[in-house]
Protein chains: 2
Amino acid sequence: MRAEIVGVGTELLLGQISDTNAQWISQRLAEIGVDVLRHQAVGDNHERIVAALRLAVSRSDVVIVTGGLGPTQDDITREAIAAVAGVPLVRDRSIVAAITQRFARMRREMPESNLRQAAVPQGARTIAPRRGTAPGLIVQVGDARIYALPGVPIEMREMMQDRVVPELSAEVGPSGIASRIVRCVGVAESKIAEELDDLFHGSSNPTVAYLAGGGEVKVRITAKASSLTEAEQLIDPVADEVVRRLGDAVTGTQDEDLEVVVGRLLRERGRTLALGESLTGGGVAFRVTSVPGSSAYFRGGVVAYTGDAKRDLLGVSAQTIARDGVVSEACAREMAAGARRVLGADIGVALTGVAGPEPEDGIEPGLVWIGLDADDVNHARSITAPPDRAIVRRWAEQAALDLLRRYLIGARLPAGPSLV
Amino acid sequence: MRAEIVGVGTELLLGQISDTNAQWISQRLAEIGVDVLRHQAVGDNHERIVAALRLAVSRSDVVIVTGGLGPTQDDITREAIAAVAGVPLVRDRSIVAAITQRFARMRREMPESNLRQAAVPQGARTIAPRRGTAPGLIVQVGDARIYALPGVPIEMREMMQDRVVPELSAEVGPSGIASRIVRCVGVAESKIAEELDDLFHGSSNPTVAYLAGGGEVKVRITAKASSLTEAEQLIDPVADEVVRRLGDAVTGTQDEDLEVVVGRLLRERGRTLALGESLTGGGVAFRVTSVPGSSAYFRGGVVAYTGDAKRDLLGVSAQTIARDGVVSEACAREMAAGARRVLGADIGVALTGVAGPEPEDGIEPGLVWIGLDADDVNHARSITAPPDRAIVRRWAEQAALDLLRRYLIGARLPAGPSLV
C-alpha cells in the first residue's frame, strides 16, 4: 500500500507554520506498515489543490489530505475533492443536525456559513468529529482512496486514531512495526546512549533512537516483524534490559507524562498532594490537574510569587527569608511544609528558583530548589538548568514531579543537581 | 516568479523529522516577494527524486531542493539532478582541493567517499560551504533553475543567505509580502468571517485567512507590493477597518498572546494581579508568569481545587458553597475578592467550573464562571465551552485573561457566554 500526504493551506507556503501534520501522520502509517512515498503541500487555491489530488490519486493507493475543511471561504478542500471525484457536493443532514446542536448546546448563534461544513462529495463516507464541527471525508476515486481530515492537529489526530489507522491497519493485515518508549528524567541523553549503545550495536532489528527535550529523554525501541505481536516480542527482552540498566531514572515504559505517572501512584497509595510554587507559577499544578480525576488526590496549590506570599500564605519564616533568601534549601523545605499544612494534604511539594532572564538577589537564572514534606520526611534538592526561562521552568516541573515519584515508590531521594 | 521546494530524505517520509527547512525557506522567499506555490517531499529513491524534479521544473521558475548532497550511498540528489538536466556528472577540481584541504587541516584521514561530493552536473555553478564539505549546486534546466542545498539546516541557511536570497532578490526586484495578524477572543471564526468577508470579497490583494484554535481566532491579512513598506501600507487601512468592525473582541494586532497583552496593560497602569483558580489548576498563573518581568505586577495565586481550599484559603463563605455550589456566579465573585485580599493585589481574577470528563454536582462539563474583583467592581461572567477537558480549561484561561483585559482598557464587561 503506497500512501501520500497532501497538506492544504497558504500558511504552509508562507512558512507561517510547519507541516507537523505530515510528520505525525507519517509516523502513524509507518507503525502499521504503510509506506508513505510522498508529501505535497499546496495553498488555498482550487486549481492547484485539484492538480495535487489528481496527481496523488494517479500514483498512490491512499491519499491523506489535511486542511481546508473549515467554515470559511478559504476552506475549499471539499470542492476540490468533488471535482477530482467528478461528483457534486450534497448537503449531509446528519452533519447539519450535529452542527446545529453543537451551537445550541453552547447557546451561541450559528452563522449560516457553518453549514458549508455539511457539504460532502456525493457518495463520500464521513468521519464524525469528537470536537470541532468539520467532519472528515472518505472518498473513493478509481483505485485510490482519499481521506480528508481537518488541519487543526488535535482534530486530525482524533480522526486518524478513531478511523483511518484502524481501517488501513485492517487492510494492510498482519505486518507490524512496534515501538516502545522508555522515558527517563534526570540523566543526560549522551549518558543514556553510553549506557545502552552496546545493546543496539550492529542490530538493525530492534533499533534505538534517543529523543531529548522537555526535561527528559525518551528511548525509543522499534522492531519490525510479520505481526505487531511478534514485533512486541522482539522488543520485550531489550526493553527489560534498558529498564534494568537505567534503574530509578526510568519514569515509565507506557509513554506517559510524569503527571499521569504520579497521579496513578498517589491514587494507588491513597495519598493527597499540595503544591507551593514560585518560579513555575502554577505550571506543576496545571499539569497535575490536566489528568482527569485528579481531584481525588490533589488538594490544591499556592502560587507564591513574592516573598510576602511565601511568608503570609505558606508560613515561610521571615528569618529564613532574611538569612537564606527565597531561593534556598531552607525556603523550599518550609514552602513544602506550609503548602501541605494550609491545604491539609499528606504530601507537600514546593519549588523556588530563578527562571530569568535576569539574575535575582545575585543568583543566576537556572538554580532551582525543590522541597518535599510528608510525615516521615522533609527533604530538598537543587537542580541547575540551562538559563532560558521556559527551559528552567520546564526542568523544575520535571524535577519536582520526579522527586514526588521517587518518594512514592520508595526510591533514594537525590540531594544535588544530578540524579545518577 | 513561481517557486517550489523539494525536500529529499526518507526520514521525512517516516516522520522521524519535520521538514522545517521548507518552512524556513518559505519565510525567506515570502520576504523578498517570491511566491512559493508548492512543497514536495520524497525519499532517497532515484526514480522518485527524478520524477519530483521533472514535475517541479515543468511548472516552476525556481526549484529549491534540500537534502541528499552528503557523502554516503543514500545521498543521490546530484545524480537525480544530472538525469533531469540530461548531463553527466563531472568531478570539480576546486571542490576536490577544498575537501582534501579541510581533512588535512583537521589532521584526519579522508575517506574516499567524501569525493562523491566533488561530482557536479556538467555546467552547474557551485555554492561554497562555509562549514561542512558538500557544496550547493545551481543548475539551469530549460527555463527553470534548480538550487540544490544540503539538508543540514545550518548549512542550508548559510547558502540561502549567502547566495540564493541575494540572487533571487536581485531578479525579482523591489518587492515584498507583508502579513498582519489580528487576534480576537470570544467570537466564533464563522461569525468573524461573516463580519469581514465583504472587505476581502473579490480582493486578491490584500487577502485574508482565518485561523481558529486555542480559544481564539487569528485573522491574517497578507499583501504584496513592490516593497515591504508598500505592502504594509496596503494592509494598514484594511487592518484598521478589521479592528473597527471587531471592536473590543480584538486583543491585539502584534500577534501577541493574551498574557503578554494583559502584562503590558498591568504594567502601564501600575496595577497588580492575584488569581484564584479551580478548574484551570494554575494554568492562568502559569501563563501570566511565562512573561519575563511579570513579578512587577503579579502577586501570586491560589489553586483552590477543593471546596475546603476555596473556603479556607480564599474565604468563600460556607453559605455560598451550600446554597449555590462551587460552580456558581457567587463563588466566582467571592474567590476573586478572596484572592485579591489574601495576596494584597489591586485586582483579583478567579475561575471555577467543570472541566470534565464527568459532570460535577449535576453540572455538565463546559460551564465556567469567571469573577473579577477590584476597588470599583465585583463582576462575574460565564462561558460554555465544548465539553473536552483540555478545551474547557483553555477557553476558561482565555476568557479570564480577556475579562481582565477588558477591565483594564475600560471596555464593557460581558455577563453571559457570548461576547458580541
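Keep in mind it's a predicted model, so treat the numbers as computed, not measured. (Residues numbered from 1 in each chain as written. Chains lettered and ligands numbered in written order. Predicted model: local features only at pLDDT ≥ 70, side-chain atom pairs only at ≥ 80, totals over all residues.)

1. Quick word on the overall build of chain A
Using the following cut-off: A run of DSSP states H or I qualifies as a helix once it reaches four residues; a run of E qualifies as a strand once it reaches two. Both are numbered from the N-terminal end. The exposure label follows from counting other C-beta atoms within 10 Å of a residue's C-beta, where the C-beta atoms are placed from the backbone and the thresholds are 20 or more for buried and 12 or fewer for exposed, leaving partly exposed in between. Placing C-beta atoms from the backbone, we regard two residues as in contact once those atoms come within 7 Å.
Within chain A, the secondary structure is distributed over 14 helices and 17 strands. With the C-alpha coordinates of chain A rotated into their principal frame, the extents come out at 80 × 60 × 40 Å. Going through the 420 residues of chain A one by one, you find that 50% of them count as buried. Across chain A, the fraction of contacts at a sequence separation of at least 24, relative to all contacts at a separation of at least 6, is 66%.

2. Observations concerning the pairing of strand β1 (residues 2–8) of chain A
Residues and elements named next belong to chain A. Filter applied, for reference: A pair of strands counts as paired when DSSP detects no fewer than two bridges linking them.
Counting buried positions over the 7 residues of β1 gives 6, a clear majority of the element. Note that β1 and strand β2 (residues 35–42) share 7 bridges and pair parallel. Bridge pairing links V8 to V42 in β2. As defined by bridge partners, β1 adjoins strand β3 (residues 62–66) across 5 bridges and the pair is classed as parallel. Bridging from a neighbouring strand, G7 pairs with T66 of β3.

3. Some details on the domain arrangement of chain A
Condition: Domain boundaries shown here were taken from an automatic or database domain assignment.
As far as domains go, chain A holds domain 1 (2–172), domain 2 (176–252) and domain 3 (258–409). Centre-to-centre separation of domain 1 of chain A and domain 3 of chain A, based on C-alpha positions: 44 Å.

4. Some remarks on the nonpolar core
The following threshold applies: Definition of nonpolar core: a set of buried Ala, Val, Leu, Ile, Met, Phe, Trp, Tyr and Cys residues joined via C-beta atoms within 7 Å.
Counting residues in hydrophobic clusters, the biggest one holds 161 residues, and the most contacted among them are V368(A) and V368(B). The element that contributes the greatest number of residues to this core is helix α14 (residues 389–409) of chain B, accounting for 10 residues. Leave out the neighbours within four places in its chain, and V368(B) touches L279(B), L351(B), G353(B), S382(B), I383(B), A385(B), V392(B), A396(B) and A399(B). Grouped together as the second largest cluster of nonpolar side chains are 90 residues, V36(A), V152(A), M160(A) and A82(B) included.

5. Topic: the interface of chain A and chain B
Here is the rule: Each residue is assigned to one class: nonpolar for Ala, Val, Leu, Ile, Met, Phe, Trp, Tyr, Cys and Pro, charged for Asp, Glu, Lys and Arg, and polar for all the others, Gly among them.
Listed as interface residues are 62 residues of chain A and, on the opposing side, 63 residues of chain B. Those elements that place two or more of their residues in the side of chain A that touches chain B are α1 (10–13), α2 (20–31), β2, α10 (283–288), β14 (298–304), α11 (307–312) and α13 (329–343) of chain A. Classifying every residue of the side of chain A that touches chain B gives 27 nonpolar, 24 polar and 11 charged. Pairing analysis gives 5 bridges linking β14(A) to strand β14 (residues 298–304) of chain B, with the strands arranged antiparallel. Paired with G300(A) across the strands is A304(B), a residue of β14(B).

6. Notes on the pairing of strand β17 (residues 377–384) of chain A
All names here are of chain A. In terms of strand pairing, strand β16 (residues 367–374) meets β17 through 8 bridges, oriented antiparallel. Across the sheet, V368 pairs through a bridge with I383, a residue of β17. Adjacent in sequence and paired antiparallel, β16 and β17 are bridged by 2 residues.

7. Re the packing of helix α7 (residues 189–200) of chain B against helix α8 (residues 228–246) of chain B
Residues and elements named next belong to chain B. Quick note on the threshold: Helix axes are fitted only over the stretch in contact, all axes being lines through C-alpha atoms; the angle between N-to-C directions runs from 0 to 180 degrees. Crossing handedness is read from the near helix: turned anticlockwise from the far helix by less than a right angle, it gives a left-handed crossing, and turned clockwise, a right-handed one.
The N-to-C vectors of α7 and α8 enclose an angle of 145°; their axes lie 10 Å apart at closest approach. Here α7 and α8 pass one another in a crossing that is right-handed. Contacts from I192, E195, L196 and L199 of α7 reach α8 at V238, E241, V242, R245 and L246.

8. Comments concerning the sheet that holds strand β7 (residues 136–141) of chain B
Within the open sheet, the 12 strands sit side by side as β6(A)-β7(A)-β8(A)-β3(A)-β1(A)-β2(A)-β2(B)-β1(B)-β3(B)-β8(B)-β7(B)-β6(B). Their pairing is mixed. Of all the strands in the sheet, just β6 (125–127) of chain A together with β6 (125–127) of chain B have a single pairing partner and so form its edges. Averaged over all pairs of adjacent strands, the angle between their axes in this sheet comes to 20°, without regard to strand direction. Across the sheet, helix α2 (residues 20–31) of chain B lies against β1 (2–8), β2 (35–42) and β3 (62–66) of chain B, angled at about 160° from β1(B), the strand it touches most.

9. Quick notes on the environment of P237(B)
With respect to the element layout, P237(B) can be found in helix α8. On the neighbour-count criterion, P237(B) (10 C-beta atoms within 10 Å) is exposed.

10. Quick look at the sheet that holds strand β10 (residues 207–213) of chain A
Residue and element names in this part refer to chain A. If you walk across this open sheet you meet the 4 strands as β10-β11-β9-β12, and the pairing is antiparallel. Among the strands making up the open sheet, the edge pair consists of β10 and β12 (250–252). Between one strand axis and the next, the sheet turns through 30° on average, direction left out of account. Across the sheet, helix α8 (residues 228–246) is in contact with β9 (176–184), β11 (216–225) and β12; its angle to β9 comes to roughly 15°.

11. Topic: α2(B)
Convention followed: Expected helix span is given by 1.5 Å per residue-to-residue step, counting one fewer step than there are residues.
Spanning 12 residues, α2(B) covers 17 Å between terminal C-alpha atoms, matching the ideal 16 Å at 1.5 Å per step. For α2(B), the full list of buried residues reads N21(B), A22(B), Q23(B), I25(B), S26(B), L29(B) and A30(B). On the buried face of α2(B), the contacting elements are α1 of chain A together with β1, β2, β3, α6 (153–172) and β9 (176–184) of chain B. G33(B) occupies a position one or two residues after α2(B) and carries a positive phi of about 85°.

12. Quick notes on unusual backbone geometry
All names here are of chain A. Between G356 and P357 the backbone carries a cis peptide bond, its omega angle lying at 5°. Its place among the elements puts P357 in the loop between β15 (347–353) and β16. For D255, which is not a glycine, the phi torsion comes out positive at approximately 55°. Mapped onto the secondary structure, D255 falls in the loop between β12 and α9 (258–269). Of the residues examined, D255 has 13 C-beta atoms within 10 Å and is grouped as partly exposed.

13. Overview of the environment of I25(A)
Residues and elements named next belong to chain A. Topologically, I25 is positioned in helix α2. The exposure class assigned to I25 is buried, which follows from the 27 C-beta atoms found within 10 Å. Put simply, I25 and E112 are 87 residues apart on the chain and 32 Å apart in space, counted from C-alpha to C-alpha. Excluding residues that lie within four positions of it along the chain, I25 makes contacts with I5, I64 and M160.

14. Description of helix α9 (residues 258–269) of chain B
Residues and elements named next belong to chain B. With 12 residues, α9 should reach 16 Å at 1.5 Å per residue; the first-to-last C-alpha distance of 16 Å fits that figure. All buried positions along α9 are accounted for by L258, E259, V261, V262, G263 and L266. Phi turns positive, to about 65°, at G270, one or two residues after α9.

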